[in-house]
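Summary of structural features
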Amino acid sequence: MKKLVVLLLLIAGCYTQVTAQEKEKFRFDIRLGYAAGNEYGDGVLFNLEPKWSIDEKINVGFRIGGAALAELTNPTDGIDAFETDIVTVYGSYLGTIDYYFYHKDGSPFAVFGGAGIGYVSSANVIADFDEYDDANNIETDNGLGGMLRVGFDYFKFRLAAEYNFAPEGQLRDLNNNEFGAVKNGYFGISLGFYFGGGKWKNVTVQE
């Protein structure tokens, strides 16, 4: 009897049931959400992200993202003698990775953490179109940026909270006159869905 118990324990120790996504599957994410800037205003964000599952727990992808934020300042800010809008626009191209660290057997709910790094462009503009009729092309601030995020998938839907890092920029008017440095970057909450990606399943791992 003791030998049988020992044998069963050894078998149980060698084979472990885990829950995982299907590997080598392509998916395409589309997300829309709310964005809040470090300095000026809030607005919307939009992300497109094709991905590939290289492992049962890991996805790698390429995120094409954008955000547009706006804030109405008042004359006491010293920027101008009248009220004026400040508009901030971001564009980003990031390589990304997600790791699924929680998923219950048989559930369509899965929790992930992720990060990204790549090229980020931003423009912070004093946009009073009545005052600047002959606007030049707006200069942008470009460089290396990144992103950290956490969230969950539920069936084919995804909710995520993220922080996007961007290089320091300059506040400019429509004629590219500069008014000082700006701490770029924004926090976002997005909701979206994805196509493809296979299904969550149970796999047996031999130890």
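Residues numbered from 1 in each chain as written. Predicted model: local features only at pLDDT ≥ 70, side-chain atom pairs only at ≥ 80, totals over all residues. Heavy atoms only, no water.

1. Examining a nonpolar patch on the surface
Where we set the bar: Residues enter patches when they are more than 30% accessible in relative terms and free of salt bridges; like-charged ones are connected within 9 Å and nonpolar ones (Val, Leu, Ile, Met, Phe, Trp, Tyr) within 5 Å. The method behind every accessible area is Shrake-Rupley, applied with a 1.4 Å probe, and residues are considered shielded solely by the protein chains displayed. One side-chain nitrogen of Lys or Arg within 4 Å of one carboxyl oxygen of Asp or Glu is enough to make a salt bridge. Put simply, DSSP marks the helices as runs of H or I at least four residues long and the strands as runs of E at least two long, and each gets a number from the N terminus on. For every residue, the accessible area obtained with a 1.4 Å probe (protein chains only) is divided by the maximum for its type, and the residue is called buried under 20%, exposed over 50%, and partly exposed between those limits.
A contiguous nonpolar patch, built from Tyr154, Phe155, Phe157, Phe193 and Phe195 and spanning about 550 Å² of accessible area, is present on the exposed surface. Along the chain, the position of phenylalanine 157 falls in strand 8 (residues 157–165). Residue phenylalanine 157 is classed as partly exposed on the basis of its relative accessible area, which comes to 49%.

2. A closer look at the confidence of the model for the chain
We count it as follows: As a per-residue measure, pLDDT tells how confident the predictor is, with possible values from 0 to 100. The contact definition used throughout considers only heavy atoms, calling two residues in contact when any of these lie within 4.5 Å.
On average, the chain scores 81 in pLDDT, and the residues at 70 or more come to 73%. Scored below 50 in pLDDT, residues 2–20 makes 29 contacts in the model with residues more than four places away or belonging to other chains. Every residue in residues 202–207 is under pLDDT 50, and counting partners more than four places away or in other chains gives 20 contacts.

3. Thoughts on the pattern of salt bridges
Counted according to the given criterion, the structure contains 15 salt bridges. One salt bridge connects aspartate 153 with arginine 27, and the closest N-O pair in it is separated by 3.3 Å. With aspartate 153 in strand 7 (residues 141–154) and arginine 27 in strand 2 (residues 26–37), the pair connects residues that are 126 residues apart, well separated along the chain. The pair formed by aspartate 153 and arginine 27 is uniform in burial state, with each residue classed as buried. Between glutamate 162 and arginine 63 there is a salt bridge, with its nearest N and O atoms 3.3 Å apart. Pair noted here: glutamate 162 is in strand 8 and arginine 63 is in strand 4 (residues 58–73), with a separation of 99 residues, a long-range link. What you see here is one network of salt bridges that share partners, running through Arg27, Asp29, Arg31, Glu49, Lys51, Asp98, Arg149, Asp153 and Arg158.

4. Observations concerning the packing of aromatic side chains
Threshold: The rule is short: rings of Phe, Tyr and Trp, with Trp giving its six-membered ring, pair when the centres are within 6.5 Å, and they are stacked under 30 degrees, edge-to-face over 60, tilted in between. Note on criteria: charge over ring means Lys NZ or Arg CZ within 6 Å of the ring centre, with the direction from the centre no more than 35 degrees off the ring normal.
For the coordinates displayed, the defined rule picks out seven aromatic pairs. Their ring planes at 40° and their centres at 5.0 Å tell us that phenylalanine 109 and phenylalanine 152 sit as a pair that is tilted. With a gap of 43 residues between them, phenylalanine 109 in strand 6 (residues 109–126) and phenylalanine 152 in strand 7 connect regions that are remote in the sequence. According to the relative accessible area criterion, phenylalanine 109 is partly exposed, its value standing at 29%. The class for phenylalanine 152 is partly exposed, based on a relative accessible area of 28%. Aromatic pair tyrosine 163 and phenylalanine 165: ring centres 4.8 Å apart, planes at 75°, arrangement edge-to-face. A relative accessible area of 25% means that tyrosine 163 is categorised as partly exposed. Assessed through its relative accessible area of 40%, phenylalanine 165 is described here as partly exposed. The ring of tyrosine 194 carries the charged tip of arginine 27 above its face, separated from the ring centre by 3.5 Å.

5. Quick notes on the pairing of strand 9 (residues 169–173)
If a strand is regular, its side chains alternate between the two faces of the sheet. Put simply, the rule reads: In this description, strands pair whenever DSSP reports at least two bridges between them.
Burial within strand 9 is extensive, with four of its five residues counted as buried. Pairing of strand 6 with strand 9, which is carried by three bridges, proceeds in the parallel orientation. Paired with asparagine 124 across the strands is leucine 171, a residue of strand 9. Turn length for the strand 9-strand 10 (residues 178–182) hairpin, with the two strands adjacent in sequence and antiparallel, is four residues, and the turn residue asparagine 176 shows positive phi of about 70°.

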